[in-house]
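The lines below spell out each chain.
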Amino acid sequence: MTRLWRYLSGTVLILFGPERIVYLSVNMRRGLPFNILMAAAARLAGKALRAHHHNYGTIARFHPLMAAFVRVAGKDCVHFSNCVPMGREMEERYRAIGRVVSLSNIGSVDDRLHPVCRPDRPVTIGHMSSLMEEKGIDTVIDAVIAMRAGGVPARLVLAGPDLEPYARGQIRRTQSALKDDFRFVGPVHGEAKQAFFDSIDIFAFATRYAEETQGIVNLEAMACGKPVVAFAQCCIASDIGEQGGVAVSPGSDFSAALTGYAEHFLGDPATASRKARARFETLREEYRSEVERVVETFLL
């Protein structure tokens with residue numbers, strides 16, 4: 001009821017408020033009917049519409065409600081995506097879209113995150129997320145266990161809330177398999193997040209979450225000079241690029257990719273770290289240009 005009231009009151013404000021431009025955060029499937037209602041209100045009131053897309057599910061696969069939203073929003077609506085490849089997919093999937101402007105989530109990365117010198121230690125893999133099956137916690141654990149079985153003496157550090165029984169079970173399994181070569185540090189913020197990244201060498205992100213667009217944790221890892229090995233969903237491959245680590249094709253052998261990159265990393269850890277940070281700097285510079293383009297869309 002609270003959500004319904006919020007959407008209805010928002011629609012009234014769109015119809016009768018003084019603003020000339022309406023900004024909509026486009027929701028997942030269940031929220032799309034309300035987005036359609038609010039887009040219709042903006043068109044009826046003769047207001048410019050800006051639609052920000054944060055979810056990948058309705059972009060990776062055609063969805064009739066998203067198609068309806070695009071049609072109702074009209075050709076003059078400017079759509080914001082999290083990266084250029086995501087925008088291209090939107091335009092290919094929904095031909096009625098008039099204009100797409102990319103805006104990365106890198107602006108949400110804490111500016112205080114930074115690289116530190118790596119101490120002499122076995123290669124340490126890190127994973128941080130809302131620890132759940134869809135985020136690939138099991139895949140990362142299995143990959144590290146496989147690395148060790150293949151002769152790479154890897155360690156694992158997990159960070160994030162263990163709210164689900166599934167996550168707790170995976171943590172117990174890892175404690176049993178890796179013993180002293182495993183640490184679970186729980187949710188991390190601020191200095192604790194920096195400490196987490198300081199304690200790892202490679203960040204592993206095996207997400208299978210259908211709505212994943214970018215993975216801010218990948219950007220945070222590169223900010224700390226940690227190369228990323230991640231499934232190449234939506235913006236992730238373009239974020240990693242050629243310097244930030246390895247983007248693994250969905251459905252491919254994540255364990256083999258992580259092991260291969262770890263062996264490469266151990267050949268020259270300092271260079272791998274510098275490249276990851278350099279990739280972050282490139283993305284941040286691109287973001288500044290993106291912000292300028294987004295601002296222009298609000299200057300009517």
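Just so you know, these numbers come straight off a predicted model, no measurement behind them.

(A) Highlighting the packing of aromatic side chains. According to the stated counting rule, one finds 6 aromatic pairs in the structure shown. With centroids separated by 6.0 Å and ring planes inclined at 35 degrees, the aromatic side chains of Phe-80 and Phe-298 adopt a geometry described as tilted. Placement of Phe-80 in strand β3 (residues 78-81) and of Phe-298 in the segment after α12 (269-297) is noted, with a sequence separation of 218 residues between them. Phe-80 gets classed as buried once you look at its relative accessible area, which sits at 1%. With relative accessibility at 31%, the residue Phe-298 sits in the partly exposed group. With a centroid separation of 6.0 Å and an interplanar angle of 55 degrees, the aromatic rings of Phe-197 and Phe-203 are classed as tilted. On the basis of relative accessibility, which here comes to 0%, the residue Phe-197 falls in the buried class. Each member of the aromatic cluster is reached from another via a ring pair, and the members are Phe-196, Phe-197, Phe-203 and Phe-205. Directly above the ring of Phe-298 sits Arg-50, whose terminal nitrogen or CZ lies 6.0 Å from the centroid.

(B) Fine view of the sheet that holds strand β7 (residues 182-184). The strand order β7-β6-β5-β8-β9-β10 describes an open sheet built from 6 strands, whose pairing is parallel. Only two strands of the sheet have a single partner each, and these edge strands are β7 and β10 (245-248). Within this sheet the neighbouring strands show an average axis-to-axis angle of 15 degrees, counted without direction. Relative to strand β9 (residues 228-231), strand β8 (residues 202-205) runs parallel, the two sharing 3 bridges. Bridge pairing links Ala-204 to Val-229 in β9. The strands touched by helix α8 (residues 191-198) within the sheet are β5 (124-128), β6 (155-159) and β8, with β5 carrying the most contacts at an inclination of about 145 degrees.

Reading guide: rules and limits
Residues numbered from 1 in each chain as written. Predicted model: local features only at pLDDT ≥ 70, side-chain atom pairs only at ≥ 80, totals over all residues. Heavy atoms only, no water. Phe/Tyr/Trp six-rings, centres within 6.5 Å; stacked < 30°, edge-to-face > 60°. Helix = DSSP H or I, 4+ residues; strand = E, 2+ residues; numbered from the N terminus. Buried < 20%, exposed > 50% of the residue type's maximum accessible area, 1.4 Å probe, protein only. Lys NZ or Arg CZ within 6 Å of the ring centre and 35° of its normal. Pairing = 2+ DSSP bridges. Axes fitted to C-alpha atoms, helices over the stretch in contact; angles between N-to-C directions. Contact = heavy atoms within 4.5 Å.

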